[in-house]
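Letter by letter, the chains look like this.
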Amino acid sequence: MEPAADISLVVFLAGTLAAAFVAGLAGFAFGVVAAGIWLHVLQPAETTALIVAYALLVQGYAVWKLRHAIQIGRLMPLVVGSAIGIPVGVAILGIVAPGPLRMAIGALLVLFSVYNLIRPKLPAIKSA
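Residues numbered from 1 in each chain as written. Predicted model: local features only at pLDDT ≥ 70, side-chain atom pairs only at ≥ 80, totals over all residues. Heavy atoms only, no water.

Draft legend 1. Main features of the nonpolar core. Membership of the largest hydrophobic core is limited to 10 residues, which are F12, A19, F30, V33, A34, A35, W38, L39, I51 and I105. Broken down by secondary-structure element, the contributors of at least two residues to this core are α1 (3–26) and α2 (30–38). When residues of this core are assigned to their parent elements, the largest contribution, 5 residues, is made by α2. Apart from the residues within four sequence positions on either side, I51 is in contact with G31, A35 and W38. (Core = buried A, V, L, I, M, F, W, Y, C linked by side-chain atoms within 4.5 Å. Buried < 20%, exposed > 50% of the residue type's maximum accessible area, 1.4 Å probe, protein only. Helix = DSSP H or I, 4+ residues; strand = E, 2+ residues; numbered from the N terminus. Contact = heavy atoms within 4.5 Å.)

Quick look at the structure:
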């Protein structure tokens, strides 16, 4: 392997590990964390395809385990939002250059982190 390919593989694997750790800890955000790192070594279309593939594997397992608790009515806002957001995202993916996309994902991660540090604590629910 060439040195550049070795570095790309290490960055890809480190991004995957970091994203899996965050997703395991928080229960979400695999795609955003992975994109923040993967976009440094992969094209946006490749990153998107990998995020979808990993999400199908991980979330498919979770859905299978929790299938008895799924309420279709509560999923409808997510389905409608996805039906609107996916075509818009695909259209943007074809237009935006990797550099600005990388910056936008990084800014989103920083802003979300700062928000979580300064947000007020919600009271714990003891009877849940």
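Draft legend 2. Spatial organisation of the layout of surface pockets. The volume enclosed by the largest pocket comes to roughly 910 Å³. Lining of the largest pocket is provided by 32 residues; of these, G31, V32, T48, I51 and V52 occupy positions nearest its centre. Only α1, α2, α3 (44–65), α4 (72–95) and α5 (98–118) provide two or more residues apiece to the lining of the largest pocket. The element contributing the most residues to the lining of the largest pocket is α3, with 10 residues. The space that makes up the second largest pocket amounts to roughly 220 Å³. A breakdown of the residues in the lining of the second largest pocket according to their chemical character gives 9 nonpolar, 2 polar and no charged. (1 Å grid on protein atoms, 1.4 Å probe; cavity = no way out; pocket = protein on both sides within 12 Å on 5 of 7 lines; lining within 4 Å. Points joined across faces, edges and corners; volume = space filled by probe spheres on them. Nonpolar A, V, L, I, M, F, W, Y, C, P; charged D, E, K, R; others polar.)

Draft legend 3. Just a nonpolar patch on the surface, in detail. Taken together, V63, I70, I72, L75, M76, L78, V79, V80, I84, V88 and I92 make up a surface patch of nonpolar side chains, about 970 Å² in accessible area. Take the nonpolar patch: its biggest share by element is 9 residues, from α4. With respect to the helices and strands, L78 occurs in helix α4. Take L78: its relative accessible area is 56%, and that puts it in the exposed class. (Patch = residues over 30% accessible without salt bridge, like charges linked within 9 Å, V, L, I, M, F, W, Y side chains within 5 Å. Areas by Shrake-Rupley, 256 points an atom, 1.4 Å probe, with all protein chains shown as cover. Salt bridge = Lys/Arg side-chain N within 4 Å of Asp/Glu carboxyl O.)

Draft legend 4. Seen up close, the side chain of T16. Residue placement: T16 occurs in helix α1. For T16, the side chain forms a polar contact with the side chain of W38, separated by 3.3 Å. Beyond its immediate stretch of four places on either side in the chain, T16 contacts F30 and W38. (Polar contact = N/O pair within 3.5 Å; in protein donor to acceptor, adjacent residues only side chain to side chain.)

Draft legend 5. Geometry of the packing of α1 against α2. Viewed as axis vectors pointing N to C, α1 and α2 meet at an angle of 160°, and their least axial separation amounts to 8 Å. When the axes of α1 and α2 are compared, the pair comes out roughly antiparallel. α1 and α2 meet at a crossing whose hand is right-handed. Contact residues: V11, F12, G15, T16, A18, A19, A20, V22 and A23 in α1; F30, V33, A34, I37 and W38 in α2. Within the contact of α1 with α2, the residues separate by chemical class into 12 nonpolar, 2 polar and no charged. (Axes fitted to C-alpha atoms, helices over the stretch in contact; angles between N-to-C directions. Parallel < 35°, antiparallel > 145°, perpendicular 65-115°, else oblique. Left-handed = near helix turned anticlockwise from the far one by under 90°.)

Draft legend 6. Seen up close, α4. For α4, built from 24 residues, the straight-helix expectation of 34 Å at 1.5 Å per residue is met to within 8% by its first-to-last C-alpha distance of 34 Å. In the structure, α4 departs most strongly from a straight axis at G85, where the bend amounts to approximately 25° and where the proline P87 lies between one and four residues downstream. (Expected span 1.5 Å × (residues − 1). Bend = angle between axes of the 7 residues up to and from the residue.)

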